[in-house]
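Coordinate analysis (summary)
For reference, the chains in residue letters:
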Amino acid sequence: MKANSPSVALFIPCYVDQFYPQVGIATLELLEKLGCQVTYPLGQTCCGQPLANAGYARDTVGTASHFIETFNDYDYVVCPSGSCTLHVKEHFPAIAGLEKEQKALEHKIYELIEFITDVLKIEKLEGKFPHRVGFHSSCHGQRGLHLSSGSELNQPPYNKARKLLENLEGLEWVELSRTDECCGFGGTFAVTEEALSIQMGKDRLADHQQHKTEILTGGDMSCIMHLQGIATRSKQELKFLHLAEILNKALL
Amino acid sequence: MTHPENATEFLKDSQKSKWHDETLWFVRDKRDKVSKGIPEWEQLRELASGIKDYVLANLADYLEEFERNAIKNGIIVHWAADSEEHNRLVLEILQQQNCKAVVKSKSILTEECHLNPYLEKHGVEVVDTDLGERIVQFLNQPPSHIVLPAIHLKKREISELFHEKLHTEKGNEDPAYLTQAARIHLREKFFGAKVAITGVNFGIAETGEFVVCTNEGNADMGVHLAQVHIACMGIEKILPRRKDLGVFLRLLARSATGQPITNYNSHFRNPSPGKEIHIILVDNGRTAQLAREKFRNSLKCIRCGACMNTCPIYRRSGGFSYNSTVPGPIGSILSPGLDLKKHSSLPFASTLCGSCTDVCPVKINIHEQLYEWRQEVTKTHGEFAKGLSMKLANGIFKSPLAYKISGSMMRNALKSLPNSLIYHPLNIWGKNRNLPDPPKESFQQWYQKNRS
Amino acid sequence: MSSRKKILGAIRELILEPKVLPDIPNFSSPGNLAERFTQSISSNKGEVMTKSDFKKWFSTSGFSKVISLSRHFPELRTLPLPEDPHDLETLEVAILDGQFGIAENGAIWLEDTQLGLRALPFATEHLVIVLDRNKLEDTLHQGYDKIAVAHSGFGLFLAGPSKTADIEQSLVIGAQGAKSLRVVLM
């Protein structure tokens, strides 16, 4: 670890903390391998997105101010979820008395992959991952944080995760028919519109199956939890890993 | 019925819903391809958005300028505060003409005002002349899509319908054959109609003219044969300058169906000698929407339907699932402004994926407005229990200790409860999805053990 | 209060943030105008022809009800322009001169002076538009610059034959209006 390396606070989303500790560990180890000085502030809870997306943003003032205070003393906040990062950046209610801190947070919080490519300025990672990998583009990561170009827009194609993955020795990138269609998770949508949510998930899985994905990856465990839940129920032979897990494994 | 109930019903016919999804995806894909052939595409969207924003910021002035110039051109201008007044104005013109049968080209505004049932109640036969609209009219259905009104129907169903209504051969499902039968039927109606009704795509303030776009030519067939043309126009359809049409006509058809332009783009400035053009400027909730700062720019919509074609929800639930004149994402931000209670489930019929916003040719931030409408809906129509559980959750997330306790309780519960309980039908998540295997410890516990 | 007053009053009551009306740049695209125009018409399901191809097609088609308002082909007319558009019901061919065409989408500008009767290009079974190949513009922006705000009682950008895809998205040419469009580039 370099002495002058920036202080990075890990923000591990609540459901990752509870259900996918291995993703948190991979994120931490990966950032350390890349030379960051990483801390996990123990007082952290949740960003409040589930409430806000359900229409109760006004009830998240307490959650948001707690979040701002918890992460106030760090140079960067890094999170292995595009969706939660976007929520903090764009959907936190305005917190009276913490205006300056809130503005600062919006500019210093990064999704893991964009932190690696845009802040650490890492163009490629040397490593090995001999698998056929299908990428699920999370909507909030793509259309919200612009981690990759959208099929809807007339813009030069790019994909920050792909740039890192494709350089790994042996990794085969799966081209999908619908490169960036939503998986149907959508937070409370997953239960309030259960039938649609399941159908959308099945359709995404079918696209991966059809193109012989071996490992389905992405930057948001919420999408993956939903897709994996459907795949497991229907006994599909498909493995699921967060991008952090792949990169951390590959860099061993 | 709420949107989830309707969607569940639509998905039951899995073959048809798959077809519906794929057909609309095909249209969206055509839109993607054709838009990528225009290097300045994103700039055009920015321009269109800017022009519309400017119009909305100066709407009263532009409406007056439009009216002044239209009158100068010999167009008769009417104003309608709501749908009732709009319908009454149309009926009055028909009665003056002693007209008992009218042809009407596609107009979402007249659907919004429920003009057809109103006129029929007053003894006027209305013939919708867009092929798709005629099909759904035969079935007593509203359009299920604003550009592709009969997209929910298979050709077999249309063949059966035409056999009954137009006496086509039984079992002949050839679209060309069925279209030809409709052509004969509709041309007879065009040549017999004294009055024709159209919608309006754009009204130009600077010239007092208005533009109507079709591919079938049905609007023109109607109005040029009729004695009187009634054009029904929402007050938000104004553009300042004629040259603005260059921007909008380049975007409209490409966004709607992936074609470079509609085949007929008619500019009506004055009536033919001896004939009449009436234009009805309709508010019907638009000034109220203009007053809502967060939702104002939904009035920029040019009704291209691109947000429907791209919406993963719309494609898999069909237009009728929204139970709103304008379905899909744009309908879900327009309709709550008209009747919040009736349409309260619509802002939730979305994953907030944002695709609608990125295809919108006038850059309406549709998914952000869906999010904002959710905040409005829960203020007045949120179920009590949902509100309570959310408040509770906020209490937990505010307090690290409470969060830790409830989190480990959740994990422990998952470990110790029998599967039959976890996957109880009441647990909606688990109906068709497994839950993740509960880990032995949370990340936080691991971190405390290993790193602190 | 009249609805007009009510609507305008409701709008004027609002305090709206001032905006700026954007200028429209003069967008243009590379490529030969006639080639791009021909391609556009063909993708709109019309057909661009030379004068000789058109004459050949016309002489073998055997049409007897023809209205030609084109100054290039006055001799092909078999019927005079009627006064009442209802008399166009059985018209087989209309031949008109277009003012100019747009390369990017095939749209051709016509006004009352070219149309004779506004119903003519729609009611006819087949439509032929004669266009000077030097009268092609790049995009709609140049097209609107050309017509500017000059008065046109009825003006039309026409880009193809009547078409529909309302039955299962299958494209069918010849919905309610003209069943075909031929453009003769002179």
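Scroll up to find the structure.
Because the structure is predicted, anything quoted here is derived from the model rather than measured. (Residues numbered from 1 in each chain as written. Chains lettered and ligands numbered in written order. Predicted model: local features only at pLDDT ≥ 70, side-chain atom pairs only at ≥ 80, totals over all residues. Heavy atoms only, no water.)

1. Quick look at the interface of chain A and chain B
Bring the parts together and some accessible area is lost; that lost area is often taken as the interface size. Facing 71 residues of chain A, the contacting portion of chain B comprises 78 residues. Around 6,400 Å² of area is buried between chain A and chain B when both sides are counted, 59% of it from carbon and sulfur atoms. By the criterion of area lost to chain B, the three top residues of chain A are A:Gln18, A:Asn154 and A:Arg233, representing 11% of everything that side buries. Remark: the boundary between chain A and chain B carries seven salt bridges. Where B:Arg28 meets A:Glu152, a salt bridge forms, and the shortest distance between an N and an O atom there is 3.7 Å. On inspection of chain A and its partner chain B, the count reaches 37 residue pairs in polar contact (both at pLDDT 80 or more). A per-class count over the side of chain A that touches chain B returns 31 nonpolar, 26 polar and 14 charged. (Contact = heavy atoms within 4.5 Å. Buried area = accessible area lost by both parts, 1.4 Å probe. Salt bridge = Lys/Arg side-chain N within 4 Å of Asp/Glu carboxyl O. Polar contact = N/O pair within 3.5 Å; in protein donor to acceptor, adjacent residues only side chain to side chain. Nonpolar A, V, L, I, M, F, W, Y, C, P; charged D, E, K, R; others polar.)

2. Digging into the sheet that holds strand E4 (residues 195-198) of chain B
With respect to topology, six strands assemble into an open sheet ordered E1-E10-E7-E4-E2-E3 (chain B), the strand pairing being parallel. Strands with a single pairing partner mark the edges of an open sheet, and in this sheet they are strand E1 (76-80) and strand E3 (125-128) of chain B. Strand-to-strand twist of the sheet, defined as the mean angle between neighbouring strand axes without regard to direction, takes the value 25°. In terms of strand pairing, E1(B) meets strand E10 (residues 276-282) of chain B through five bridges, oriented parallel. Its bridge partner being in E10(B), B:Trp79 is matched across the sheet by B:Leu281. Most of the contacts of helix H4 (residues 59-72) of chain B go to E1(B), to which it runs at about 145°, and overall it touches E1, strand E7 (228-234) and E10 of chain B. Sheet strands touched by helix H1 (residues 3-13) of chain C: E1 and E10 of chain B. Its angle to E1(B), the strand with the most contacts, is close to 65°. (Pairing = 2+ DSSP bridges. Helix = DSSP H or I, 4+ residues; strand = E, 2+ residues; numbered from the N terminus. Axes fitted to C-alpha atoms, helices over the stretch in contact; angles between N-to-C directions.)

3. Here's the deal with the sheet that holds strand E6 (residues 172-173) of chain A
Residue and element names in this part refer to chain A. The strand order across the open sheet built from four strands is E6-E5-E7-E8, with neighbouring strands paired in parallel fashion. The open sheet has two edge strands with one neighbour each: E6 and strand E8 (239-242). With four bridges joining them, strand E5 (residues 132-136) and strand E7 (residues 215-218) adopt parallel strand pairing. Following the sheet pairing, glycine 134 is matched in E7 by leucine 216.

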